[in-house]
There are 2 protein chains.
Amino acid sequence: MISFPKPTVEQFFRTYTITNFSVSSDEKRLVFNANLNGKMNLWAMDLPDTNPYLFAHRDESCSFIEFDPKNRYVLAGYDKDGDENYQIYAMPSEGGLPEPLITGEASEKYYFSHLSEDGERVYYGTSEENPSYLNTRVRNLQNGEDTLLNVGEISPTQLAAVSENEEASVYLRAFANTYVVGFVKIGEETFNITPDPQKVHVALEPIFTDNETIYFVTDYDSDDMYLAKFDLNAKEFSKVIALDGESIQSIKWDKENKAFYLVTVKGVTDVLYRYGLDTGKVENCALPVDIIEQTYLAKSGTLYILGRSATVPQNIYQSSNGGGWKQLTNNRVLGLSQEDMVEPDVVSYTTFDGMEIEALLFKAKPENDNGHTIFWPHGGPQAAERKMFRSMFQCFTNRGYAIFAPNFRGSTGYGSAFTKLVEQDWGEGPRLDCVAGIEWLFENGLTDRNKLFLVGGSYGGYMALLLHGRHPEYFKAVVDIFGPSDLFTFVNSVPAHWKPIMERWLGDPERDKERFIQDSPVTYLDSIVKPMLVIQGAKDPRVVKEESDQIVAKLQEKGRDVEYLVLEDEGHGFSKKENEIKVYSLMLEFLEKHQS
Amino acid sequence: MISFPKPTVEQFFRTYTITNFSVSSDEKRLVFNANLNGKMNLWAMDLPDTNPYLFAHRDESCSFIEFDPKNRYVLAGYDKDGDENYQIYAMPSEGGLPEPLITGEASEKYYFSHLSEDGERVYYGTSEENPSYLNTRVRNLQNGEDTLLNVGEISPTQLAAVSENEEASVYLRAFANTYVVGFVKIGEETFNITPDPQKVHVALEPIFTDNETIYFVTDYDSDDMYLAKFDLNAKEFSKVIALDGESIQSIKWDKENKAFYLVTVKGVTDVLYRYGLDTGKVENCALPVDIIEQTYLAKSGTLYILGRSATVPQNIYQSSNGGGWKQLTNNRVLGLSQEDMVEPDVVSYTTFDGMEIEALLFKAKPENDNGHTIFWPHGGPQAAERKMFRSMFQCFTNRGYAIFAPNFRGSTGYGSAFTKLVEQDWGEGPRLDCVAGIEWLFENGLTDRNKLFLVGGSYGGYMALLLHGRHPEYFKAVVDIFGPSDLFTFVNSVPAHWKPIMERWLGDPERDKERFIQDSPVTYLDSIVKPMLVIQGAKDPRVVKEESDQIVAKLQEKGRDVEYLVLEDEGHGFSKKENEIKVYSLMLEFLEKHQS
C-alpha cells in the first residue's frame, strides 16, 4: 500500500555502542557506558526495571565503572576525544556530573586497578614519573594520602589483583601481547606466579580466592590458555583445568558456591563454562550471544554479560541462578529485524605454506547482491574477526557487497603459537595468507577478479596499504582507516608504555632495517595506483595522524586519486554517532563510485 | 569522603521532553516522541518490556503519531527546525526513516485529522490553496486518489472527527481560542452541533460514539466546559454532565464499557474522572501526576497518559483495568531526587479591581536561597502556569532564586469569562494584575524591592517588555524570550491561518490604533533602561524574529545594555538539547551578573 525504500547507511549506524558496565553491590543499579544520546555517556537502570536514564554526562569515552561497595559514590575513567589518556573521576551514587578524583596533566594516564572492600582505598597505575613502565599507587579517600606501591621496571607493569587483607598484590609485566608474566608482591618480597618467567607465556586475570591463593589463566607450557593456581604459602604453581582446543580468556569467581565461570575462545565464537572447584565438574552454559565482551558476577550468583552476535548488536543480559537470559538493554538496528541481517559462513582455506586459515564470509542476500566483494583484513593484528555485530558489515552486505574476513596468521583464537606468527613478521606471512584468501575467493567462484575492494582499519589499514602496494592488480579501490604507512616512523610514535613491547611485536628499526623497508607500505608508492580513501582520527594515540598524512601527501604529489578525511575529535575509532555515520556514508559512496 | 559540588544548569536540562505518543492497536508497541538522543526523534518500546529503542530518526519535531490499525505502517507529522509547517510522513511498522506521504512545498502545512478503521484513507487538513481557512482532503492509500472534502471559509476550519461509516464528519471553525463552533457535515448538508453559532462559545473534542451520536465538550451557556451531545437523527443538542467548578478539557470513549474518561482542569492541577454513560456514575481516578498532557485509551480499556508534576519531568504511565499506574518511561533530573526539587506554593492575591488572582510561588530551599525573586508572566496568554515540571524553574530555584508566576486575567483554568478578559486587552488588565502581584510580593515580605528580576517567553516575553517599559523601577534586569515588541507588526506577521482570529484576540490595528500604541512595548523605549537579554529562534513562525530584531536594534541605538541571542535552528521553543542548555546557561549567567 505504502512502499518504503531500502534501508540506508544511517539505519545501520543508529545502533549504539556499549563498551562496559557495572552493577552495584545490592544489584539495584546497573550502569553502562553507551552512545545512546549520540556521544558516550553513562546510563543507569534501577533493576529489576530496565528503563535506562542518564546517569553521568561528560560526552567522553569511559574506560571503567566501579561502584563503592557501600554505595556512596561511583568511579569512572574518562579520556579526552579518544586520546586514551584515561584519568579517574567520581560521581555521587545517584549520578551527576563526573568530578576529577585522581587526575593530572592532560598527557598523563591514571588507570584504575582495584578498590578496597570498604571502598576507601583506590589502587591505580599511572604514567606520572614513569611513562614507559608505569607506577602503581594507592589513594586513601578518607585522608587524601597517596602512597607509591610499586615502581614499574623492565617493561610496563600494572597491578591486577589485591588480596582481601590488602597484604598481597599481583602485578603483570607485559613484554608483548603474547608474553606477560605475573608476580606477587608481599611487602618488598616478590614471587613469580609461573615457574619460569624467562619462558615466553602469558599470565592473566589473577583472582585471589582467599588471602593465600591466586587463580589465573596462562598458556605456560601449552598452546592454549588454561586455569592455573599459585599457592602463596607453598609458593607453588599448579595447573587446575584445561579445556581441549579452547583458550580460557576470562574468569569470574563465585565465592559462595566455590565455582568459576570460564569464558573460552573457540575460533570465531565464545563459550561459557561453570567449573565447580570442589566437584571438578565442568558445565557448558547456554549463551544468548556468540561473543562475550564483559562478564560481571554479583555476590548473589547472578551473572551479567555484555555481548553480541553477528546479527545482534551489543546488549547486556542477566542470568539469575543458572536460569535463562534476560535481555536488559534494547540495542537494535533501526527498522530492521534480525532476519534482515547476514549471518556469516565460517569457511577455511589452505594458505601458501599448507596451514589452514579460518575466515568469515558474509554473503549479500540474492535480492541485494551487487556482485562485488570487500576484502577485510582485521586490526590487531593479534585479534580476530569473529561473529560480532558490525554496523559496517551489515550495512555493506545490505547494499549488496560480500565481505571476506580471514583470520590470517597472528590472529587470536587458534592457539598461542599461531598468534605469535605475526611477531616480527607484519608484512610477509599474514600478507601471503591474505593473498591466498583472495585467490581462494576467485577459485571458488565467490568473487570476480575485477570486482574486489579492499578495506581495513588499524593493522588492517596497514595491510590494506601493503596489499595495495604489492598487489594492486587485485583491487578496484582501497580504503585505509588509520593504518600505519611507514614502520620506521610508526615504531617511534606509539604511546610511551607501548615502546617496551614494540621490539618483540614488530622488531627493531636498526637490526631489522631490511625487513622494515620491505614491510612498509611507503616502500611501494609507485604501485599504489588504485583510487584510495584514507580516514584518520586527529587524536589517535596509537596510529598517529602523521602516518596517514605522509602517505596521502606522497601519493597526492604523484597525482594519485586519494581522498583524505580527518576527524578532529576522534582517536583510534569513532565514538561519536555523527562521525561514524559520516565516515561510513563516505566509504559507501567511495565504493559505489568505483564499482564501474 | 568524596565531596561533590552543587548541581549545575546542565543537570537540570539533561531531562528530556516527551511531546506525544501513541500505542498500536494490539498494544504491543508504544511509540513516543522525545529528545532522548539530543534531538526530537521517535522511540518505541515493545510492551510489556519498557526498554526504549530508536524507532524513527529525523531529528525534527513530530506533531502526531498514528498507527495503521492493521500494523502495516505508522504515520507521523514533521516540521523543519521548528517552523511548524507540519507535513505527513510514513514509516514501516517496524520503524525506520520517515518517508514523505502527504507533503508539498516547504511553506505548506498538512495536518493529520483521521485514519479510517481499515487504515486505508487518511483525512487531513492543508494550507494548500487555502492558507487562511484551510482545506480538508482525504487520501486513498490504495489507489493514491486524493479528494477535496471541504473548503474552509469564514475562519480556519478543521476536520475533527469522522464517523465509523465515514458518512458524517465534524468540523471545527475557530474564531478565537474562546470561540470555536462545531458543525457536522453529511454529504453537502451541514448542521451546527450547538444551538446558536453566533453565541461566543467553544465546542471541542468531538467523538462519534456511533454513526448517529456525537459527544463533545463545550462551554455553551456556561462559564465551564461540560460534556454535551448532538443527536444526528433528531438534530438535537443536549447537555450530558458538568463538573462543578471544573472545566472538562479532553474526553476518551471506552466503547466496550460505555464510559467516558474526562480530564478536567482545576486551577493549577488536572483531575481525571470516569463517567459511566448508563450508570451516570462519576468516579474520581487517582493520578500519578498533577498535569495530564495526553491520554490514550486502548480498546482493551487500558489507559495511557503522558504527564508531569512540578517536581517530576514528563513521563508516560499505564493503568490497566483501573489498576494502579505503571511508569513506562524513566525521565528524571540527572543526579537529583524528587526531594531535591521545589514544590510550589499555590497562593492568591487581590488585584487592582478586586478580583482574586492565583499564582505559583516556588521558594528556594533555605540552604540555596540567594534572596532574589524572578517574576514570570506565562505565555499564551490564554494558557496558565500550572504544576508542571520546568527544568528552568527547578534549576533556578536550586541556584537560589524564588519564582513567582501569577495566573493573571486571560489565564485558562478559572472559567471562560476570566480567560476572555485578555481579549482585546493585552496590555492593561493583565499588566495591572502583574503589578498587583509584584506589590503583593513586597508587602508580604517575600521579595526585597531591589531584588526582583523579570523573565518571560512568548506572551510572557511581551509582558516582560511591557512591564519593563512601564515599570522599570521594579526590576534589576529583564529577560525576553521571543516576545512581540510591537503589536502593529506582530498582528501582520503571524501565520496566515492565525490572521482570522487575531481581530477578536488582539484587536484591529486601524480601529484600535490608540490601544495598540498604548500596549506596544516599543512605545516605551525611553524607559526600557535596565539590562536586558533577548532570546529568539530564527525560524519562529508565531513571533517572528523581526519582533526581537527591531527592539534590540532600537535599544542598542540608544546605548542600552542589551544582549541578543538568536538560535538559527529553532522556532517558538527550544527542541534541541544543546540549544536549551546554551540558552538557560546564558540566562543564569545574565541574572547572576546583575544580582549586585
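What you see is a predicted model; the values in this text were computed from it and never measured. (Residues numbered from 1 in each chain as written. Chains lettered and ligands numbered in written order. Predicted model: local features only at pLDDT ≥ 70, side-chain atom pairs only at ≥ 80, totals over all residues. Heavy atoms only, no water.)

*Asks:* Which residues make up unusual backbone geometry, and what values do they have?
*Replies:* For the peptide bond that leads from Gly-380 of chain A to Pro-381 of chain A, omega is -5°, which places it in the cis range. Structurally, Pro-381 of chain A can be placed in the loop between strand 31 (373-375) and helix 2 (391-398). For the peptide bond that leads from Leu-47 of chain B to Pro-48 of chain B, omega is 5°, which places it in the cis range. Its place among the elements puts Pro-48 of chain B in the loop between strand 3 (41-46) and strand 4 (53-56). One non-glycine residue, Asp-221 of chain B, lies in positive phi territory at about 60°. When you line up the elements, Asp-221 of chain B lands in the loop between strand 18 (213-218) and strand 19 (226-231). You can call Asp-221 of chain B exposed: its relative accessible area is 60%. (Helix = DSSP H or I, 4+ residues; strand = E, 2+ residues; numbered from the N terminus. Buried < 20%, exposed > 50% of the residue type's maximum accessible area, 1.4 Å probe, protein only.)

*Asks:* Lay out the side chain of Glu-120 of chain A with the relevant residues and their values.
*Replies:* As for its placement among the helices and strands, Glu-120 of chain A is situated in the loop between strand 9 (110-115) and strand 10 (121-126). Judged by its relative accessible area of 15%, Glu-120 of chain A is buried. In this structure the side chain of Glu-120 of chain A is engaged in a polar contact, spanning 3.5 Å, whose partner is the side chain of Arg-72 of chain A. One polar contact links Glu-120 of chain A to Gln-142 of chain A, side chain to side chain, over a distance of 3.0 Å. With sequence-adjacent residues up to four places away left out, Glu-120 of chain A is seen in contact with Lys-70, Arg-72, Tyr-73, Arg-139, Asn-140, Leu-141 and Gln-142 of chain A together with Met-1 of chain B. (Polar contact = N/O pair within 3.5 Å; in protein donor to acceptor, adjacent residues only side chain to side chain. Contact = heavy atoms within 4.5 Å.)

*Asks:* Before we move on, could you go through the sheet that holds strand 13 (residues 157-162) of chain B and cite the residues and values that matter?
*Replies:* All names here are of chain B. If you walk across this open sheet you meet the four strands as 13-14-15-16, and the pairing is antiparallel. In this open sheet, the two edge strands, each paired with only one partner strand, are strand 13 and strand 16 (189-192). Neighbour to neighbour, the strand axes of the sheet diverge by 30° on average, direction disregarded. (Pairing = 2+ DSSP bridges. Axes fitted to C-alpha atoms, helices over the stretch in contact; angles between N-to-C directions.)

*Asks:* So, the sheet that holds strand 19 (residues 226-231) of chain A: which residues are in play, and what are the values?
*Replies:* All names here are of chain A. With antiparallel pairing, the four strands of this open sheet are ordered in space as 17-18-19-20. Strands with a single pairing partner mark the edges of an open sheet, and in this sheet they are strand 17 (203-210) and strand 20 (236-241). Neighbour to neighbour, the strand axes of the sheet diverge by 30° on average, direction disregarded. Here strand 19 pairs with strand 20 via five bridges, running antiparallel. Within the sheet, the bridge partner assigned to Ala-228 lies in strand 20 and is Lys-239.

*Asks:* Tell me about helix 9 (residues 545-557) of chain B, and name the residues and values.
*Replies:* All names here are of chain B. The end-to-end C-alpha distance of helix 9, which contains 13 residues, comes to 18 Å, matching closely the 18 Å that a straight helix rising 1.5 Å per residue would cover. When helix 9 is considered as a whole, its buried residues turn out to be Glu-547, Ser-548, Gln-550, Ile-551, Val-552 and Leu-555. Looking at the packing, one finds that the buried side of helix 9 touches helix 5 (459-470), strand 34 (478-481), helix 6 (487-493), strand 35 (532-537) and strand 36 (562-567). Phi for Gly-559, located one or two positions after helix 9, is positive at around 80°. (Expected span 1.5 Å × (residues − 1).)

*Asks:* An account of the nonpolar core is requested, with residue identities and associated values reported.
*Replies:* One finds Phe-396, Ile-535 and Met-587 of chain B to be the most contacted residues of the largest nonpolar core, which totals 89 residues. Not counting residues within four places of it along the chain, the set of residues in contact with Ile-535 of chain B comprises Val-479, Asp-480, Ile-481, Phe-482, Leu-565, Leu-567, Phe-574, Val-583 and Met-587 of chain B. (Core = buried A, V, L, I, M, F, W, Y, C linked by side-chain atoms within 4.5 Å.)

*Asks:* How would you explain the interface of chain B and chain A if you had to name every residue and give the values?
*Replies:* Across the boundary between the two partners, chain B contributes 44 residues, which contact 44 residues of chain A. When chain B packs against chain A, the two sides together hide about 3600 Å² of surface, and 64% of this comes from carbon and sulfur. By the criterion of area lost to chain A, the three top residues of chain B are Met-1, Phe-4 and Asn-51 of chain B, representing 19% of everything that side buries. Our count for the contact surface shared by chain B and chain A stands at two salt bridges. For Asp-46 of chain A, the salt bridge goes to Arg-332 of chain B, with nearest N and O atoms at 3.2 Å. At the surface where chain B touches chain A, the tally comes to 14 residue pairs in polar contact (both at pLDDT 80 or more). Of all the elements, strand 4 of chain B adds the most residues to the side of chain B that touches chain A, at four residues. Of the residues belonging to the side of chain B that touches chain A, the class tally is 22 nonpolar, 13 polar and nine charged. (Buried area = accessible area lost by both parts, 1.4 Å probe. Salt bridge = Lys/Arg side-chain N within 4 Å of Asp/Glu carboxyl O. Nonpolar A, V, L, I, M, F, W, Y, C, P; charged D, E, K, R; others polar.)

*Asks:* Any chance you could break down the pairing of strand 36 of chain B for me, citing the residues and the numbers?
*Replies:* Across six bridges, strand 35 of chain B lies against strand 36 of chain B in parallel orientation. Pairing of Leu-533 of chain B across the sheet is with Glu-563 of chain B, part of strand 36 of chain B.

*Asks:* Which residues make up helix 5 of chain B, and what values go with them?
*Replies:* Residues and elements named next belong to chain B. Its twelve residues place the ends of helix 5 16 Å apart at the C-alpha level, agreeing with the 16 Å of an ideal helix rising 1.5 Å per residue. A large share of helix 5 lies buried, amounting to eleven of its twelve residues. Of all the positions in helix 5, only Tyr-459, Gly-460, Gly-461, Tyr-462, Met-463, Ala-464, Leu-465, Leu-466, Leu-467, His-468 and Gly-469 are classed as buried.

*Asks:* Kindly report on the relation of the copies chain B and chain A, identifying the contributing residues and their values.
*Replies:* Of the transformation superimposing chain B on chain A, the axial component is 0.0 Å and the angular component is 180°, with the fit at an RMSD of 0.0 Å. Read as a symmetry element, the transformation amounts to a two-fold axis. Identified as the residue of chain B closest to the rotation axis by C-alpha distance is Asn-37 of chain B, at 1.8 Å. Same-surface contact between copies: 100% of interface residues of chain B are shared with the interface of chain A. (Least-squares fit on C-alpha atoms with pLDDT ≥ 70 in both.)

*Asks:* If you had to explain the packing of helix 2 (residues 391-398) of chain B against helix 10 (residues 577-593) of chain B to someone new, which residues and values would you point to?
*Replies:* All names here are of chain B. Where helix 2 contacts helix 10, the axes come no closer than 12 Å and their chain directions differ by 35°. Judged by the twist between their axes, the crossing of helix 2 over helix 10 is right-handed. For the pair helix 2 and helix 10, contact is made by Met-392, Cys-395 and Phe-396 and by Tyr-584, Met-587, Leu-588 and Leu-591, respectively. Taken together, the residues of the contact of helix 2 with helix 10 sort by class into seven nonpolar, no polar and no charged. (Left-handed = near helix turned anticlockwise from the far one by under 90°.)

*Asks:* I'd like a description of the side chain of Lys-387 of chain A, backed by residues and values.
*Replies:* All names here are of chain A. Mapped onto the elements, Lys-387 comes out in the loop between strand 31 and helix 2. A polar atom in the side chain of Lys-387 sits 3.1 Å from the side chain of Glu-343. Sequence-distant contacts of Lys-387, that is, excluding residues within four places in its chain, are made with Val-268, Thr-269, Asp-290, Ile-291, Arg-308, Ser-309, Ala-310, Glu-343, Pro-344, Val-346 and Leu-360.

*Asks:* Tell me about the pairing of strand 6 (residues 73-78) of chain B, residues and numbers included.
*Replies:* Regular strands place side chains that alternate from one sheet face to the opposite one. Residues and elements named next belong to chain B. In terms of residue burial, strand 6 counts as a mostly covered element, since six of its six residues are buried. Every second residue of strand 6 is oriented toward a common face, with Tyr-73, Leu-75 and Gly-77 on one face and Val-74, Ala-76 and Tyr-78 on the other, all of them buried. Pairing between strand 5 (residues 62-67) and strand 6: four bridges, direction antiparallel. Counted as the bridge partner of Ile-65 is Ala-76 from strand 6. Count of turn residues in the strand 5/strand 6 antiparallel hairpin: five residues, of which Asn-71 carries a positive phi of about 60°. Pairing between strand 6 and strand 7 (residues 87-92): six bridges, direction antiparallel. Pairing of Tyr-73 across the sheet is with Pro-92, part of strand 7.

*Asks:* Account for the environment of Pro-377 of chain A, with residues named and values stated.
*Replies:* Residues and elements named next belong to chain A. Mapping Pro-377 onto the fold places it in the loop between strand 31 and helix 2. Judged by its relative accessible area of 0%, Pro-377 is buried. Separated by 31 residues in sequence, Pro-377 and Phe-408 place their C-alpha atoms 8.1 Å apart. Non-local contacts of Pro-377, meaning those with residues more than four positions away in its chain, are made with Phe-408, Cys-434, Leu-454, Val-455, Gly-456, Gly-457, Gly-460, Met-463 and Ala-464.

*Asks:* With reference to specific residues and values, describe the packing of aromatic side chains.
*Replies:* Summed over all chains, the structure comprises 66 aromatic pairs over all chains. Between Tyr-215 of chain B and Phe-260 of chain B the ring centres are 4.9 Å apart and the planes differ by 50°, which places this aromatic pair in the tilted class. With Tyr-215 of chain B in strand 18 and Phe-260 of chain B in strand 22 (residues 259-266), the pair connects residues that are 45 residues apart, well separated along the chain. Phe-260 of chain B shares its class with Tyr-215 of chain B; the two are buried. Ring centres of Trp-426 of chain B and Trp-505 of chain B lie 5.0 Å apart, and the angle between their planes is 75°; this geometry places the pair in the edge-to-face category. With Trp-426 of chain B in the loop between helix 3 (416-420) and helix 4 (429-443) and Trp-505 of chain B in helix 7 (residues 499-505), this residue pair connects regions lying 79 residues apart in the sequence. Residue class for Trp-426 of chain B comes out buried when judged on its relative accessible area of 2%. Among the residues examined, Trp-505 of chain B registers a relative accessible area of 5% and is labelled buried. Here a set of aromatic residues connected by ring pairs shows up, and it is made of Phe-408, Trp-426, Tyr-459, Tyr-462, Phe-490, Trp-498 and Trp-505 of chain A. Cation over ring: Arg-58 of chain A sits above Tyr-78 of chain A, and NZ or CZ is 5.6 Å from the ring centre. (Phe/Tyr/Trp six-rings, centres within 6.5 Å; stacked < 30°, edge-to-face > 60°. Lys NZ or Arg CZ within 6 Å of the ring centre and 35° of its normal.)

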